[in-house]
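Understanding the architecture of this molecule
Listed here are the chains, written in short residue letters.
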Amino acid sequence: MGQNNTLKVISIFAFIALASVSCWATQESLHLLLSSWPQFLCWIVTIAFFIIASWGTKLIVDSFNQNVYVEKRGGKLIAGILIVLVFWLLFSMPTNTHTFFYRSTIESVASTDISTTMGYLDQLKNNTLTETKIRDKQTEFQNKVWSLFAELESEIKNDANPGFGPNAKRILAQFATLLEVDKVEPLSFYDKSVQARAKLVDAYRKKISILMQSKLTNIRNSMTAPDEKTYKGQASADFQNLEYAENMIKSGDIDLNIAEQVKEVNSRLVRGYSTIKTYSNYIEFNTGDKEIYLPEDTEGNPVQAVTRVERMLSVFDVWKDYLTGKYAGRGLIIWVILSILVDLGAFIFFDLAFKKDQYTI
């Protein structure tokens, strides 16, 4: 009898120890998902559900125990299985795993989310994509101008037919079309010597260059967005907000394991995501990122973007992403096993603590 009592006392303490770990992990997951709830409510729900799940395992064990009398043994077995499925497999185990996985990966995920979002905001505040497109368009135009100018220079310096003849005039007409001017006035030319023709080429080069600069300015003006100042200012503000959060995380002033603090970081990310979505035409996305910042439903309609950090706060999204292979290589299966072992140990000690040699129902 004394040994049985000692075993029961040890089992009770072991159950409380393992149940405490499990309940802590579950309430942490609930609080991340439902940060508006007072934390003590998360504890109440968690403890109640874990005790119910433990009772369910006892019903299963008792239904198989042939040494004691159990009324409606089959019914209790089914009831126990249903209780374990609902309160453990669908609640305790997933939330425990979520907490363990969250704490092991949130810093990496947040760092990636912040740095990637800041990168796209940097494109906006520096107008990177538009500037690239403008430079490419201007370079393309300049190449056409100087290619045509090479023809003009060759025609003027042609020793077989030196000077400024009909072919040179035809090229000037092409310049007028290319530069979008009414006419490129020919320069005076009397001397056909090599030196004179070289000076004429230089004179035309300066003339064409001046006309070209005007066209380059027109290209810039035509490709500059009317709301450029607006999105550059908004992106700059969002960039600074995220930069502040990033520095606070690195210094330890923001703890991503505290629901309220990680929600504040996420709110800054949400503002950045919104700006990126609004002005996405001025951003060049890396492979796979467009689907994150500009998600669509199955019918191709835009839907609300969810930050990487926000998905980590939700036990449902974490498991959904895991089951679709998005967390491959991050070791989630280790936390699944740990969660199962912690709960399984607690259930075993619960059954040992409240086991009876004989009882009547």
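Look up a bit, the structure's there.
Predicted model only: the values in this text are computed from it and were never measured. (Residues numbered from 1 in each chain as written. Predicted model: local features only at pLDDT ≥ 70, side-chain atom pairs only at ≥ 80, totals over all residues. Heavy atoms only, no water.)

All right, on to the packing of aromatic side chains then. Geometry of an aromatic ring pair is reported as the spacing of the ring centres plus the angle between the planes. On inspection of all chains with the given rule, the structure shows 17 aromatic pairs. When the ring of Tyr273 is compared with that of Tyr293, the centres are 4.3 Å apart and the planes differ by 35°; the resulting orientation is tilted. In this pair, Tyr273 is assigned in helix α8 (residues 259-278) and Tyr293 in helix α9 (residues 290-293), connecting sequence segments 20 residues apart. With relative accessibility at 3%, the residue Tyr273 sits in the buried group. Look at Tyr293 and you get buried, because its relative accessible area is 0%. Each residue in the set Phe15, Phe50, Trp88, Phe347, Phe350 and Phe354 is aromatic and connected to the rest through ring pairs, giving one cluster. A cation sits over an aromatic face here: Lys125 above Phe239, 4.8 Å from the ring centre. It is Lys215 that lies over the ring of Phe141; its NZ or CZ is 5.9 Å from the centre. (Phe/Tyr/Trp six-rings, centres within 6.5 Å; stacked < 30°, edge-to-face > 60°. Helix = DSSP H or I, 4+ residues; strand = E, 2+ residues; numbered from the N terminus. Buried < 20%, exposed > 50% of the residue type's maximum accessible area, 1.4 Å probe, protein only. Lys NZ or Arg CZ within 6 Å of the ring centre and 35° of its normal.)

This paragraph deals with α8. In a regular helix each residue adds 1.5 Å, so 20 residues correspond to 28 Å; α8 covers 28 Å between its end C-alpha atoms and thus fits that length. Residues of α8 that are buried: Ala259, Val262, Val265, Asn266, Arg268, Leu269, Gly272, Tyr273, Thr275 and Ile276. (Expected span 1.5 Å × (residues − 1).)

What follows covers unusual backbone geometry. Even without being a glycine, Asn127 presents a positive backbone phi close to 55°. Counting through the fold element by element, Asn127 comes out in the loop between α3 (73-125) and α4 (128-156). We classify Asn127 as buried; its relative accessible area is 2%. Phi at Glu180 is positive, roughly 55°, even though this residue is not glycine. With respect to the helices and strands, the residue Glu180 is situated in the loop between α5 (166-179) and α6 (194-223).

This next bit is on the pattern of salt bridges. The full count for this structure, using the stated rule, is 17 salt bridges. For the salt bridge of Glu131 with Arg135, the shortest nitrogen-to-oxygen distance reads 3.9 Å. Of the two residues, Glu131 and Arg135 both sit in helix α4, 4 residues apart, roughly one turn of that helix. The exposure class assigned to Glu131 is buried, which follows from its relative accessible area of 19%. Taking the relative accessible area as the measure of exposure, Arg135 reaches 44% and is therefore partly exposed. Overlapping salt bridges bring together Glu153, Lys157, Asp202 and Arg205 as one network. (Salt bridge = Lys/Arg side-chain N within 4 Å of Asp/Glu carboxyl O.)

Taken together, the side chains of Glu291, Glu296, Asp297 and Glu299 present a region of like negative charge at the surface. Counting through the fold element by element, Asp297 comes out in the loop between α9 and α10 (308-313). (Patch = residues over 30% accessible without salt bridge, like charges linked within 9 Å, V, L, I, M, F, W, Y side chains within 5 Å. Areas by Shrake-Rupley, 256 points an atom, 1.4 Å probe, with all protein chains shown as cover. Lys, Arg positive; Asp, Glu negative; His and termini not counted. Charge placed at Lys NZ, Arg CZ, Asp CG, Glu CD.)

As a further point, take the packing of α4 against α5. Across the interface, α4 lies against α5 with an axial gap of 9 Å and an inter-helix angle of 170°. Overall, the two elements α4 and α5 adopt an arrangement that is roughly antiparallel. Handedness of the α4/α5 crossing: left-handed. Two secondary-structure elements touch here, α4 through Phe141, Lys144, Val145, Leu148, Phe149, Glu151, Leu152 and Glu155 and α5 through Asn167, Ala168, Ile171, Leu172, Gln174, Phe175, Leu178 and Leu179. Its residues placed into classes, the contact of α4 with α5 shows 11 nonpolar, 2 polar and 3 charged. (Axes fitted to C-alpha atoms, helices over the stretch in contact; angles between N-to-C directions. Parallel < 35°, antiparallel > 145°, perpendicular 65-115°, else oblique. Left-handed = near helix turned anticlockwise from the far one by under 90°. Contact = heavy atoms within 4.5 Å. Nonpolar A, V, L, I, M, F, W, Y, C, P; charged D, E, K, R; others polar.)

So, about a nonpolar patch on the surface. Together, Leu7, Ile333, Ile334, Ile337, Ile340, Leu341, Leu344, Ile348 and Leu352 make up a nonpolar patch on the protein surface, roughly 760 Å² of accessible area in all. Assignment of secondary structure puts Leu344 in helix α12 (residues 332-353). On the accessibility criterion, Leu344 (45% relative accessible area) is partly exposed.

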